[in-house]
Amino acid sequence: MINVTDQHEPIDPRDLRNALGRYPTGVAVITTRAPNGKFEGLTANSLAAVSLAPPLILWSLRREAPSIKSFLAAGTFVVNVLSEEQSHLSDHFAKPSDNKFDRVTFSTGWAGCPVLHESLAVFECDTESTTDGGDHVIFLGRIRRIHHREGSPLIFSGGKYHSDAPLVAKP
Ligand SMILES: Cc1cc2nc3c(=O)[nH]c(=O)nc-3n(C[C@H](O)[C@H](O)[C@H](O)COP(=O)(O)O)c2cc1C
């Protein structure tokens with residue numbers, strides 16, 4: 001049965017998280033290079049396509065995230081879309097750490113941000129604008145370069161990782 005919450009009741013954050021978990025997403029590691037040269041990266045599933053012309057995407061970053069100052073100052077970022085073989089990278093980049101890139105294979109992209117090897121798709125972006133998003137900051141990115149390869153995406157749904165399986169067409 002569908003439970004429709006009264007719009008005027010405060011929404012329980014755990015309930016909201018569970019409801020949002022019903023909307024499956026891909027998983028990306030979003031990276032940047034701070035002006036002092038430090039690499040930053042975090043797991044994110046808030047990515048959304050916005051516009052084809054101009055090419056724009058958006059994602060949101062928690063205001064309390066340790067990496068937020070670097071992302072705001074850098075003015076550029078890379079979205080690394082993970083494949084189903086890369087769930088370990090999703091776990092790795094979702095944990096705060098001072099040296100997230102120590103045992104990760106990557107190259108640097110056109111603006112010096114880390115591009116993770118074997119990513120399914122890569123979007124190298126300049127930050128077009130940032131907007132208030134409540135307890136998050138929304139980053140709108142203008143895509144400067146893209147790369148992609150064949151493979152299956154890592155899917156996040158209901159708090160768990162999944163791999164995709166196309167529906168078999170009915171005769
Ligand atoms: C599947 C998944 C998706 C996530 N999506 C986001 C997101 O879109 N935005 C965000 O701020 N944090 C997101 N997180 C949490 C961050 O990855 C986590 O807080 C990370 O430690 C932040 O990096 P930092 O500590 O280096 O700033 C997600 C975590 C997981 C496991």
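Residues numbered from 1 in each chain as written. Predicted model: local features only at pLDDT ≥ 70, side-chain atom pairs only at ≥ 80, totals over all residues.

Colleague: Would you mind going over the overall build of the protein with me for this structure?
Modeller: What the protein contains, in helices and strands, is three helices and twelve strands. Taking 171 residues into account, the globule formula puts the C-alpha radius of gyration at 16 Å, and the protein, at 17 Å, falls close to it. Once the C-alpha set of the protein is aligned to its principal axes, its extents read approximately 50 × 45 × 35 Å. For the protein, the proportion of its 171 residues judged to be buried stands at 26%. Here the contacts in the protein between residues at least 6 apart in sequence split such that 65% fall between residues at least 24 apart. (Helix = DSSP H or I, 4+ residues; strand = E, 2+ residues; numbered from the N terminus. Rg over C-alpha atoms; globule rule 2.2 N^0.38 Å. Buried ≥ 20, exposed ≤ 12 C-beta atoms within 10 Å, placed from the backbone. Contact = placed C-beta atoms within 7 Å.)

Colleague: Would you mind showing me how to read the site of the ligand here?
Modeller: In the vicinity of the ligand there are 19 residues, among which Leu42, Ala44, Ser46, Ala65 and Ser67 approach most closely. For the shell around the ligand, the secondary structure elements donating two or more residues are β3 (39-44) and β5 (56-62). Its residues assigned to classes, the shell around the ligand comprises ten nonpolar, six polar and three charged. (Near = placed C-beta within 6 Å. Nonpolar A, V, L, I, M, F, W, Y, C, P; charged D, E, K, R; others polar.)

Colleague: Would you take a moment to explain the environment of Ile68 for this structure?
Modeller: Position of Ile68 relative to the elements: it lies in helix α2 (residues 68-74). Counting along the chain gives 69 residues from Ile68 to Val137, while the straight-line C-alpha distance between them is 8.7 Å. Ignoring any residue separated from it by four or fewer positions in sequence, one finds Ile68 in contact with Leu61, Arg63 and Val137.

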